Each structure stands twice: as structure tokens, then as C-alpha cells.
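Close look at the chain arrangement
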Amino acid sequence: MENLSDALKKLKITATDSTTDSLEGCLDCLLQALAQNNTETSEKIQKSGILQVFANLLTPQSSCTAKIANVIAEVAKNEFMRNSCVDAGLIPPLVQLLNCKDQEVLLQTGRALGNICYDSHTLQSQLINMGVIPTLVKLLGIHCQNAALTEMCLVAFGNLAELESSKEQFAYTNIAEEIVKLFKKQIEHDKKEMIFEVLAPLAENDIIKLQLVEAGLVECLLEIVQKTVDSDKEDDIAELKTASDLMVLLLLGDESMQKLFEGGKGSVFQRVLSWIPSNNHQLQLAGALAIANFARNDGNCIHMVDNGIVQKLMDLLDRHVEDGNVTVQHAALSALRNLAIPVVNKAKMLSAGVAEAVLKFLRSEMPPVQFKLLGTLRMLIDAQAEAAEQLGKNVKLVERLVEWCEAKDHAGVMGESNRLLSALIRHSKSKEVIRTIVQSGGIKHLTTMATSEHVIMQNEALVALALIAALELVTAEKDLENAKLVQILHRLLSDERSAPEIKYNSMVLICALMGSETLHKEVQSLAFLDVVSKLRSHENKTVAQQASLTEQRLAVES
């Protein structure tokens, strides 16, 4: 390695007198040494202090610039060299060189910056702040015929796009147009995959989603799906998954989704519909997720239900009841849940047999499926008394809900089970439903729900408990006592942080409980009168009025 030592010494000397031939010879020697033993050579370069000299030599005018950038790119492959490159002040001159016209300089500069900043969000953020994104996008457009430069830009985009701060800058460039143009030219799987790796993080931004849709990406994705759907090649299967997943991601943006829906007449929407009856699980999944995304506003939901989407989704679920694909089950249930949100859809979906189709998954042990099943049923019975009564009298369903109310490892399932129990009572107002829930052990869960950290859940529980007390107090009396409901209500009324509607419904419930001798005694023993009297001056008039009524009731009963 004597030649290397000589070259490093010469470099320091020639750097000051700028003898180009001599300088090039020394750089060639370094590159050769790096090719033979990168780590050892990099250590010698680090000790020599030559990196600081490079900072001054990185100019567009010098014919040696590409080789210097190449040396930097090579040494920066070593993690231990990256800080040395930063400390030597190499980043600013390298960033300046991205404005150069020489393609070899651009390529080596891009490599050098990429290697220095590899795996460092701090340094990548620094590059973003120095404005490299618009520069690189411009380079991609100018040099799209240069495969090496194009690849360098894509690698850079892939790294930078992971940072949230980059998305805004990308959105103000024509990245979508350039990358879709590039994508259309690709034939090789590897090249497409590289572009996909850039598109996925970029498409997380709603502005870029719309830009990609307008640039024609969706048509490219649909073409890939069509070409790969019947293939059993590993590359094609991977490409199909990536293309369909990206399609679903584009639909997460409100504007991009609405543009593709086109009032339900869009060719993209129609194509997605055809995925649902497909025999390909990946397409079934993407189709159901796409429908769930299209079903994010009432207008779209109403149109889709009126045009037969519900039957397609129920047919899909039917194919996955026994040992089915969990992700497809989850996606189809998500779509049905969203479609059930508009009031006008509920009765139509119930008469189509959605509740029965969903109940087939009651045996599922998969929390994501359980969660969506519960949410779908809750949406369906909202203000639908007959359906709520029918489901509320279903002992198997109620027993399963009570079981899931104890699923402490799955907060979402536990919360949704409680909410559905409450909803069955609130929307049916049925004595038989209440008896079924009491006999299945549901009272303790509704009482616990009244102490939830979510006001909406507290409220739903209190209203359900008030209906229980008003309609079936004798049946529920013992369970209400065991659940320590009266003590919980005392706490809710005494707590200044309780929302006005919580205080109001707690007082309504107290009045309803007075019909039970046992619970009446408990109310008296806890001096509720004092707590309620204070609420007569509450700033909320409805709370204050209910406090007066409750106070009168308590005084009469005492």
C-alpha cells in the first residue's frame, strides 16, 4: 500500500498547485486501492486529512470533480467514515454540484450524498432543507434516458420520501408526472419494484395521491393487475399485490377517491367491482378495501347500496366462512360497516340479510374480524327497533358479546361489545332484550362502561341502564346492586369533571332506581340529596332543571 501513501501525500501537494494530470493520477490510485480493500483504504484516507482538501476541490469547473465524488461515495460506504465526511464539510459543495450538467459528476455526486446520509434521518432532513428534492426531480426529467442517473434519483427519492418533512416539498414538484412517465416505460420487474418503493411512501400524502391519479398511475396499476392476475410466477404475484395495495392507498385520499368514483360510473370503480367475485384472494381483498374506501361519504354509500354492492360483498363473505381468509373477512366487513352508516341504507341492508351474513362470523377467534363484525351490527341497528329486538333476543349473540366484554387484551373488541350491548337495549326498548342481557350477565359490563374514559360510551351505558331500571328493574335489581351502580352514580355526580350529559343521565337513572327498595336504601345511605342540591346551580340549564326534579323525588322518598 506504499503507492496509496504516496498518492495521499501528492494529493495534498497537487491540490494547492492544481496540476490536473497529477491530481487525476492520485485519484485513480485511490479508487484502485478502494476497489481492492475499501475498509483499510478508507481508514488511511481518514487519517490523512485529505477529506478536508476534497471540500475545496469539488467545483463544477474541475475535470477531476467526478473522480473526487466517486472516492467520497466509496469511502462513505463505511459507516465509520460518514461523520468524517460531514465534519470535512463535504455536504454543501456536493449539494451545489447537483446543479451541474455533466452526467458523470451528477451520478457520482448523488452516490456520495446517498452514502453519506444513508440511514440518517438527521442528515437526510438537512438535505431536504438545502432544497435537494426539487433539484433531483428536475434531474429525473432531464436525464430520464440515463439509466444510472435515473436509478440514483429513485434511490434518493425512496430514502427521502420516508421522512414526513419531504412530502410537502415533493407535492410542490412535478414528481407524480415524471415518475408515472418513467413507470410506463418499464418492462423489467426490478425496475418497476424500485419505482413502487418510491410511490408507496409518496402516496401517503393526499396532495400527491391526487397528482398521481391525474398523472395516470391508476391506469398503469390496472394494466398490471390485468396482466398478472392469472400468473403463478413469483414476480407477477408480488407485482399484483403491490399494484392492488397501491390502488387502495390512492383511494384513502378524499379528492383522489371521489375523482375515481365519478358518481359510481367511473371505469376505475367498475373495474374494482369486478375484483370482488374474482378467485384471487389478493384481488378480493383489494376490491373489498377499495369499496370500504369509496364508502366514506353518504352519497357514495347510497349509490353503491342501490346498485347491488351489498349482495357482492355477502357472496364474498360466504366464500370465507369456513377456514376463510381473515384479511378478506375483515375487509368485507369494513365495507359493509361503512355502507351501513347512512340512515336510508340500514333498512335496505337488513332486508338484504346483512345481519344474518355477519352473524356467521360470530365463532371467529380473530380480534380484527370480531371488531368489524361488532361495528357492522351496531351501525345496522341504529334507530332500527325491530332489528335491534331480533338481535337482542339472540342468546348466542348476547352471550358472545358478554364474553368479548372481558377481552382485556383487545380494547377495541371490548369497547365495541359494550357499545353493541347498550345499543341493543337503547334501540329496541324491549323487555325481552333486557331480560336476555341480564340473564347472560351483561349488567356488570354496562355498569363498568358507565365509568369509561370516553363520554360517548359513558352516556350510552347510562341511557341503557336507565331503560333497564324503567322497564325491568325487578329482573335486574340484584345485578345492579352487585355491580355497585349506586356508588358509581354518586362518584359521577360528585366529580366536577363529569360532562353535563353524564350528570343529567346519572340523575335520571337515580330516579328510576328509586323503585327498588334495596337500591333506594343505598341511595339514602350515600346522601345523594346533598350532591344533587349543589347541581341546582349548575351552569347547564338542563342539568339544573333535572337536579331540581331529582331533589324533589329524593325528598319525597326520604
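Residues numbered from 1 in each chain as written. Predicted model: local features only at pLDDT ≥ 70, side-chain atom pairs only at ≥ 80, totals over all residues. Heavy atoms only, no water.

Per an unreviewed UniProt entry, the protein chain carries the name Rap1 GTPase-GDP dissociation stimulator 1 and comes from Pelusios castaneus.

Turning next to the nonpolar core. In this structure, Phe54, Ile291 and Phe294 are the most contacted members of the largest nonpolar core, which totals 199 residues. The element contributing the most residues to this core is helix 32 (residues 455–482), with twelve residues. For isoleucine 291, the residues in contact, after removing those within four places along its chain, are Phe269, Val272, Leu273, Ile276, Met304, Ile309, Leu313, Ala335 and Leu339. (Core = buried A, V, L, I, M, F, W, Y, C linked by side-chain atoms within 4.5 Å. Buried < 20%, exposed > 50% of the residue type's maximum accessible area, 1.4 Å probe, protein only. Helix = DSSP H or I, 4+ residues; strand = E, 2+ residues; numbered from the N terminus. Contact = heavy atoms within 4.5 Å.)

Turning our eyes to something else, we now look at unusual backbone geometry. Even without being glycine, aspartate 119 reaches a positive phi, approximately 65 degrees. Here aspartate 119 lies in the loop between helix 8 (103–116) and helix 9 (121–129). Aspartate 119 sits in the exposed class, given a relative accessible area of 68%. A positive phi angle, close to 45 degrees, is found at glutamate 262, a residue other than glycine. Relative to the helices and strands, glutamate 262 resides in the loop between helix 18 (254–261) and helix 19 (267–275).

The sites that UniProt annotates as "repeat: ARM" (unreviewed entry) are residues 89–116 and 308–340. Summarising residues 89–116: 75% helix, 0% strand, and an end-to-end C-alpha distance of 12 Å. Each end of residues 308–340 is marked by a C-alpha atom, and these two atoms are 14 Å apart; helix forms 73% of the span and strand 0%. (UniProt positions renumbered as here; feature names shortened; annotations may be inferred.)

On the surface, Glu188, Asp190, Glu193, Glu197, Glu234 and Asp235 cluster together into a patch of negative charge. Only helix 14 (189–202) and helix 17 (234–250) provide two or more residues apiece to the negative patch. By residue number, the principal contributor to the negative patch is helix 14, which donates three residues. Along the polypeptide, aspartate 235 turns up in helix 17. Given a relative accessible area of 42%, aspartate 235 falls into the partly exposed group. (Patch = residues over 30% accessible without salt bridge, like charges linked within 9 Å, V, L, I, M, F, W, Y side chains within 5 Å. Areas by Shrake-Rupley, 256 points an atom, 1.4 Å probe, with all protein chains shown as cover. Salt bridge = Lys/Arg side-chain N within 4 Å of Asp/Glu carboxyl O. Lys, Arg positive; Asp, Glu negative; His and termini not counted. Charge placed at Lys NZ, Arg CZ, Asp CG, Glu CD.)

Further remarks concern helix 13 (residues 175–185). The complete set of buried residues in helix 13 reads Ile175, Ala176, Glu178, Ile179, Val180, Leu182 and Phe183. Contacts from the buried residues of helix 13 go to helix 10 (132–142), helix 11 (147–160), helix 12 (164–171), helix 14, helix 15 (206–214) and helix 16 (217–228).

Right, let's get into the packing of aromatic side chains. Under the counting rule described, the total for this entry stands at five aromatic pairs. Taking 5.6 Å as the distance between ring centres and 80 degrees as the angle between the ring planes, the aromatic pair formed by phenylalanine 157 and phenylalanine 170 counts as edge-to-face. Here phenylalanine 157, found in helix 11, pairs with phenylalanine 170, found in helix 12; they are 13 residues apart in sequence, far enough to count as distant. The exposure class assigned to phenylalanine 157 is buried, which follows from its relative accessible area of 0%. The exposure class assigned to phenylalanine 170 is buried, which follows from its relative accessible area of 0%. Relative to phenylalanine 294, the ring of phenylalanine 269 lies with its centre 5.1 Å away and its plane at 85 degrees, an arrangement referred to as edge-to-face. On the criterion of sequence distance, the pair formed by phenylalanine 269 in helix 19 and phenylalanine 294 in helix 20 (residues 281–294) is long-range, its members being 25 residues apart. (Phe/Tyr/Trp six-rings, centres within 6.5 Å; stacked < 30°, edge-to-face > 60°.)

All told, the structure shown has one cavity of 30 Å³ or more when counted by the stated rule. What the largest cavity holds in volume is close to 30 Å³. Lining the largest cavity, in full, are Leu140, Cys144, Glu178, Lys181, Leu182 and Lys185. By residue number, the principal contributor to the lining of the largest cavity is helix 13, which donates four residues. Residues of the lining of the largest cavity, tallied by class, amount to three nonpolar, no polar and three charged. (1 Å grid on protein atoms, 1.4 Å probe; cavity = no way out; pocket = protein on both sides within 12 Å on 5 of 7 lines; lining within 4 Å. Points joined across faces, edges and corners; volume = space filled by probe spheres on them. Nonpolar A, V, L, I, M, F, W, Y, C, P; charged D, E, K, R; others polar.)

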